[in-house]
Amino acid sequence: MAALAVLALLLLAACGGQRAAGQKRKEMVLSEKVNQLMEWASKRSVIRMNGDKFRRFVKAPPRNYSVIVMFTALQPHRQCVVCKQADEEYQILANSWRYSSAFTNKIFFAMVDFDEGSDVFQMLNMNSAPTFINFPAKGKPKRGDTYELQVRGFAAEQLARWVADRTDVNIRVIRPPNYAGPLMLGLLLAVIGGLVYLRGSNLDFLYNKTGWAFAALCFVLAMTSGQMWNHIRGPPYAHKNPHTGQVSYIHGSSQAQFVAETHIVLLFNGGVTLGMVLLHEAATSDLDVGKRKIMCIAGIGLVVLFFSWLLSVFRSKYHGYPYRYSFA
């Protein structure tokens, strides 16, 4: 019995030693991976990865850090305009994290380009770009770990909110200075100053009702078409189906839109407005009856045509809407 007890103790000691050795090897591998990622991050905020690096540092355990990966296609022959726009915002987000005082090895930002890691795209059954996925420190990515690009857009601020939701890491986005705004403001002030100087004390042009009405109308059309939404969300200009090659300019959901869609709606709203102006002028102007009839017919035609198209856009986004005006 004593011999059996001694043998059991020896077996337990051997198992414990193996577990300790395995744990030590695991810690060494993890330390090497973290040190390597920190070294890469010190040189470039977004770590470029191929298939081998992705499998080793993102997929393979052990891992105690999260990795935000952008899957993209930046090579010119891919002609992915959205990829370039999303990459700019992604770089801003990664730089904001890398150069912040809160920077740690808890999270890293990486990129896999299709031409450098097509095997990764095949491994993940991915057929579209750009796509953002969070690979958490523990377990596999869940549904919420894939960023809803079509709904949220790719603005760095929106990406930062998603990162905070998935990793509890709050990143304060710091954009590089943009001098376009101050330059345009200075140019506008210079033009206004030049006009005032040339006109002297004659400031009647500032009281021109038609000019102010036109400026206000342009502002209203821009805002009602969704330009402010574009500025906040940063959506893609359009969407190209990778399977059929068909380009969509109108988003199929009421929860999102494309930049091209706002331009189309702006044009349609402008057409309806022009038709209403022509109808008003036909009823109130002092022109002869023939010209007023022409203005009236043109106004009705513009309202019917462009309002029908507006309603068609609405129907395409709100599926099941039962009403239509004239044209599909």
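Residues numbered from 1 in each chain as written. Predicted model: local features only at pLDDT ≥ 70, side-chain atom pairs only at ≥ 80, totals over all residues. Heavy atoms only, no water.

The protein chain has the name Dolichyl-diphosphooligosaccharide--protein glycosyltransferase subunit MAGT1 in an unreviewed UniProt entry, where Asarcornis scutulata is given as its organism. Here the protein chain is described in UniProt, under the heading Sequence similarities (unreviewed entry), as follows: "Belongs to the OST3/OST6 family." Among the UniProt annotations of the protein chain, the heading Pathway (unreviewed entry) holds the following wording: "Protein modification; protein glycosylation." (UniProt positions renumbered as here; feature names shortened; annotations may be inferred.)

> Residue-level account of the packing of aromatic side chains, with values.
Enumeration according to the criterion identifies 15 aromatic pairs in this entry. Considering the side-chain rings of Tyr 90 and Phe 109, the 5.8 Å spacing of their centres and the 70° angle between planes classify their relative orientation as edge-to-face. With Tyr 90 in helix H3 (residues 81-98) and Phe 109 in strand E3 (residues 107-113), this residue pair connects regions lying 19 residues apart in the sequence. No difference in accessibility class separates Tyr 90 from Phe 109, as the two residues are buried. Arranged with centres 5.1 Å apart and planes meeting at 80°, the rings of Phe 114 and Phe 121 form a pair that is edge-to-face. Residue class for Phe 121 comes out buried when judged on its relative accessible area of 3%. (Phe/Tyr/Trp six-rings, centres within 6.5 Å; stacked < 30°, edge-to-face > 60°. Helix = DSSP H or I, 4+ residues; strand = E, 2+ residues; numbered from the N terminus. Buried < 20%, exposed > 50% of the residue type's maximum accessible area, 1.4 Å probe, protein only.)

> Account for the nonpolar core, with residues named and values stated.
Core analysis: the biggest nonpolar cluster contains 51 residues, and Phe 71, Leu 93, Phe 109 and Phe 132 have the highest contact counts within it. Sorting elements by how many residues they give to this core places H3 first, with eight residues. Apart from residues no more than four positions distant in its own chain, Phe 71 is found in contact with Phe 54, Val 112, Val 120, Phe 121, Leu 124, Met 126, Ala 129, Pro 130, Thr 131, Ile 133 and Phe 135. Listed in part, the six residues of the second largest apolar core include Val 265, Phe 268, Phe 306 and Leu 310. (Core = buried A, V, L, I, M, F, W, Y, C linked by side-chain atoms within 4.5 Å. Contact = heavy atoms within 4.5 Å.)

> Before we move on, could you go through the UniProt feature "transmembrane region" (unreviewed entry) in the protein chain and cite the residues and values that matter?
UniProt tags residues 179-198, 210-229, 264-282 and 294-314 as "transmembrane region" (unreviewed entry). The span residues 264-282 is 100% helical and 0% strand by assignment, and the distance between its end C-alpha atoms comes to 27 Å.

> Help me get a handle on the packing of helix H10 (residues 259-284) against helix H11 (residues 289-317), residues and values and all.
Remark: H10 packs on H11, axes separated minimally by 7 Å, with the N-to-C direction vectors making an angle of 150°. Comparing the axis directions of H10 and H11 gives the class roughly antiparallel. The interaxial crossing formed by H10 with H11 has left-handed handedness. Looking at the contact of H10 with H11 residue by residue, the class counts come to 21 nonpolar, four polar and four charged. (Axes fitted to C-alpha atoms, helices over the stretch in contact; angles between N-to-C directions. Parallel < 35°, antiparallel > 145°, perpendicular 65-115°, else oblique. Left-handed = near helix turned anticlockwise from the far one by under 90°. Nonpolar A, V, L, I, M, F, W, Y, C, P; charged D, E, K, R; others polar.)

> Give me the lowdown on helix H2 (residues 51-59), citing residues and values where you can.
Every buried residue of H2 is listed here: Gly 51, Phe 54, Phe 57 and Val 58. Seen end-on, H2 carries its buried residues on one side only, within an arc spanning 155°. (Arc of directions from axis to C-beta.)

> Let's hear about the sheet that holds E3: which residues, and what values?
With mixed pairing, four strands are arranged side by side in an open sheet as E1-E3-E2-E4. Each of the sheet's edge strands pairs with one partner strand only, and the pair in question is strand E1 (46-48) and strand E4 (131-135). Averaged over neighbouring strand pairs, the angle between their axes works out to 30° when direction is ignored. Relative to E3, strand E2 (residues 66-72) is paired through seven bridges, and the arrangement is parallel. In the strand pairing of E3, Thr 72 is matched with Asp 113. Against the sheet, H3 makes contact with E1, E2, E3 and E4, and its axis sits at roughly 160° relative to E3, the strand it touches most. Helix H6 (residues 156-167) contacts E2, E3 and E4 of the sheet and is inclined by roughly 25° relative to E4. (Pairing = 2+ DSSP bridges.)

> Describe the side chain of Ser 285, listing the residues and the values that go with them.
Looking at where Ser 285 falls in the secondary structure, it is placed in the loop between H10 and H11. The exposure class of Ser 285 is buried, given its relative accessible area of 14%. Separated by 2.7 Å, the side chain of Ser 285 and the backbone oxygen of Glu 281 make a polar contact. (Polar contact = N/O pair within 3.5 Å; in protein donor to acceptor, adjacent residues only side chain to side chain.)

> Tell me about the pairing of E3, and please be specific about residues and values.
The buried count for E3 comes to seven of seven residues, which makes it a mostly enclosed element. Going residue by residue along E3, you find Ile 107, Phe 109, Met 111 and Asp 113 tucked away on one face and Phe 108, Ala 110 and Val 112 tucked away on the opposite face as well. Inspection of the sheet shows E1 paired to E3 by three bridges, in the parallel sense. Opposite Arg 48, over in E3, you have Met 111 as the bridge partner. The handedness of the E2 to E3 crossover, carried by H3, is right-handed. (Right-handed = clockwise from strand over helix to strand, strands pointing away.)

> Just give me the short version of the state of the cysteines, but keep the residues and values in it.
This model, assessed by the stated rule, comprises one disulfide. Note that Cys 80 is cross-linked by a disulfide to Cys 83, the S-S spacing being 2.1 Å. Residues Cys 80 and Cys 83 are joined through a disulfide that is right-handed, its torsion about the S-S bond being 70°. In this pair, the class of Cys 80 matches that of Cys 83, namely buried. (Disulfide = S-S within 2.5 Å.)

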